[in-house]
Amino acid sequence: MGDFLFKRFIKNYENVKDVKVRDDYGKLAGIVGIVSNGLLCAMKIAIGFISGSIAIIADGINNLADASSSVITLVGFKLASMPEDEEHPYGHARIEYLAGTAVSIIIIMVGVELGKSSFDKILHPSPLDFSPAVVIVLLIAIAVKIWQALFNIAAGKKIDSLALIATGTDSRNDVISTSCLLYTSDAADD
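Just so you know, the residues in each chain are numbered from 1, in the order the chain's sequence is written. Note on the predicted model: pLDDT of at least 70 is required for a residue's local features to be given, and 80 or more for side-chain atom pairs to be given and counted; whole-chain, interface and lining totals, by contrast, use all residues. Heavy atoms throughout the structure, all of them, feed into the side-chain values; hydrogens and water do not.

**Q** Please provide a residue-by-residue account of the packing of helix α1 (residues 2-9) against helix α5 (residues 132-159), values included.
**A** All axes here are fitted lines through C-alpha atoms, helices being fitted over the stretch that makes contact, and every angle between N-to-C directions spans 0 to 180 degrees. Helix numbers and strand numbers start at the N terminus; a helix is a DSSP run of H or I with at least 4 residues, a strand a run of E with at least 2. Direction vectors running N to C along α1 and α5 enclose 55°, while the axes themselves pass 9 Å from each other. Between α1 and α5, the crossing angle belongs to the class labelled oblique. On α5, the residues that touch G2, D3, L5 and F6 of α1 are W147, F151, A155 and K158. Amino acids are sorted into nonpolar (Ala, Val, Leu, Ile, Met, Phe, Trp, Tyr, Cys and Pro), charged (Asp, Glu, Lys and Arg) and polar (every other residue, Gly among them). For the contact of α1 with α5, the residue count by class is five nonpolar, one polar and two charged. Throughout, the term roughly parallel applies to angles under 35 degrees, roughly antiparallel to angles over 145, roughly perpendicular to angles from 65 to 115, and oblique to all others. Throughout, a contact is declared for two residues whenever any of their heavy atoms are within 4.5 Å.

Given below as structure tokens:
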């Protein structure tokens, strides 16, 4: 699916050394991340409120943070593609590294907050109401996050972008955390 999107939306997608093509890869990855994470966020928060699951709401908020990271990636690639000027005679390409650093900071902050929330739930447990809708949403989220991981890592490798590879790695880690939620929901049904 990634190659299909690259071919469909990036003119001269094979010429990854071209600054414009590289910028288009970053823009596409950013837009895909914003849309897919926004949809996952809305689904998870809605199901979390319906089921009364703080964990699913927190996972939805994590998707909101991922969408924010995609905005940073999008802006970072846009700024990095700016041509050289008097103050930046070698261009603005290093902005991509700053965008990757910002994404990493967001990932760490969300992880700390989820850790605090989880610790609080361990100290103050409450009964959970899991339904088939919860399981379906979590399975959809896992499938989307697996695809996001593969898409971003492939795009990152094509254009040699550590920021996109890091985003893909974060999506892979989200698969693990959402799978833990799914396992917990199955265990709660037993």
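**Q** Residue-level account of the nonpolar core, with values.
**A** F6, I10, Y25, L28, F151 and L164 are the most contacted members of the largest nonpolar core, which totals 13 residues. Counting residues per element, the ones that place at least two in this core are α1, α2 (19-51) and α5. Top contributing element to this core by residue count: α2, with five residues. When near neighbours in sequence (up to four residues on either side) are disregarded, F151 contacts G2, L5, F6, L28, A29 and V32. Core analysis: the next-biggest nonpolar cluster, separate from the first, contains 10 residues, L138, V175, L181 and L182 among them. Only buried residues count toward a nonpolar core. Its members are Ala, Val, Leu, Ile, Met, Phe, Trp, Tyr and Cys residues joined through side-chain atoms within 4.5 Å. Think of it in three bands: residues with accessible area under 20% of the maximum for their type are buried, residues over 50% are exposed, and the middle band is partly exposed, with areas taken using a 1.4 Å probe on protein chains only.

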